[in-house]
Amino acid sequence: MTINHKQTVEHFNLIFENSKYTKLDYSGKKDVDIAIRYVAELFNTTHIQSCLISIIFMFTMDDTEVGFERLLKFLGFDLQDYFDLQSDIQMLLDKGHIKYRRENRSNNLYNSNFSINQKIIDANP
């Protein structure tokens, strides 16, 4: 699948705009489901990973990176939910879709800041 940059950003934005305090539940939102499926196919990601990559991308457009705590608050998750998202974030890191910077020397992803890896937009994944 070839990247249509404009369409990809539109899908990222639609997911982002519909994600605040949702806990990644988009029930009844067919347009968001279509956007998620597009991102999932394009980047070979799961439903949750597709949402996370979209949200991190949109945060990256305003800032240089987004912290895990800010990401959790945006989605309406509690600290306990960190462990549910940790493996999905790690998969996005392993695939090279996002990159991170740790705030301290711990190996805990919670203390990290994330940004989109620009290569996923510049070229085919």
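**Some thoughts on the packing of helix 4 (residues 68-75) against helix 5 (residues 82-95)**
Direction vectors running N to C along helix 4 and helix 5 enclose 115°, while the axes themselves pass 12 Å from each other. Here helix 4 runs over helix 5; the crossing is right-handed. Residues Phe68, Leu71, Leu72 and Leu75 of helix 4 form the contact with helix 5, whose own contacting residues are Tyr82, Leu85, Gln86 and Ile89. Residue composition of the contact of helix 4 with helix 5, grouped by class: seven nonpolar, one polar and no charged.

**A look at the pairing of strand 3 (residues 112-116)**
Taken across its five residues, strand 3 has five buried, putting it largely inside the fold. Side-chain alternation along strand 3 places Ser112, Phe114 and Ile116 on one buried face and Asn113 and Ser115 on a second face that is also buried. Of the strand pairs in this sheet, strand 1 (residues 66-67) and strand 3 are connected by two bridges, and their pairing is antiparallel. Paired with valine 66 across the strands is phenylalanine 114, a residue of strand 3. Relative to strand 3, strand 2 (residues 98-102) runs antiparallel, the two sharing five bridges. Considered in strand 3, the bridge of lysine 99 is made with serine 115.

**Structural notes on the pattern of salt bridges**
Under the counting rule described, the total for this entry stands at three salt bridges. Linking glutamate 69 and lysine 73 is a salt bridge whose minimum nitrogen-to-oxygen distance equals 3.5 Å. Note that glutamate 69 and lysine 73 are positioned in helix 4 at a spacing of four residues, about one turn of the helix. Accessibility expressed as a relative area gives 54% for lysine 73, which makes it exposed.

**Considerations on the packing of helix 2 (residues 30-43) against helix 3 (residues 47-62)**
Contact geometry of helix 2 with helix 3 gives a least axis separation of 9 Å together with a crossing angle of 95°. Overall, the two elements helix 2 and helix 3 adopt an arrangement that is roughly perpendicular. Within the contact between the two elements, helix 2 uses Ile36, Val39, Ala40 and Phe43 and helix 3 uses His47, Ser50, Cys51, Ile53 and Ser54. Grouping the constituent residues of the contact of helix 2 with helix 3 by class yields six nonpolar, three polar and no charged.

**Quick look at unusual backbone geometry**
Despite not being glycine, leucine 24 shows a phi value in the positive range, around 60°. Mapped onto the fold, leucine 24 is located in the loop between helix 1 (5-17) and helix 2. Look at leucine 24 and you get buried, because its relative accessible area is 9%. For asparagine 44, which is not glycine, the phi dihedral falls at a positive 55°. Mapping asparagine 44 onto the fold places it in the loop between helix 2 and helix 3. Among the residues examined, asparagine 44 registers a relative accessible area of 59% and is labelled exposed.

**Focus on the confidence of the model for the protein**
Detailed reading of the predicted coordinates is not advisable wherever pLDDT falls low. Confidence in the prediction of the protein, expressed as mean pLDDT, is 88, and 90% of residues score 70 or more. Averaged pLDDT values over the elements of the protein bottom out at 72 in helix 6 (residues 119-122) and peak at 96 in helix 2.

Quick notes on the rules
Residues numbered from 1 in each chain as written. Predicted model: local features only at pLDDT ≥ 70, side-chain atom pairs only at ≥ 80, totals over all residues. Heavy atoms only, no water. Axes fitted to C-alpha atoms, helices over the stretch in contact; angles between N-to-C directions. Helix = DSSP H or I, 4+ residues; strand = E, 2+ residues; numbered from the N terminus. Left-handed = near helix turned anticlockwise from the far one by under 90°. Contact = heavy atoms within 4.5 Å. Nonpolar A, V, L, I, M, F, W, Y, C, P; charged D, E, K, R; others polar. Buried < 20%, exposed > 50% of the residue type's maximum accessible area, 1.4 Å probe, protein only. Pairing = 2+ DSSP bridges. Salt bridge = Lys/Arg side-chain N within 4 Å of Asp/Glu carboxyl O. Parallel < 35°, antiparallel > 145°, perpendicular 65-115°, else oblique. pLDDT = per-residue confidence, 0-100.

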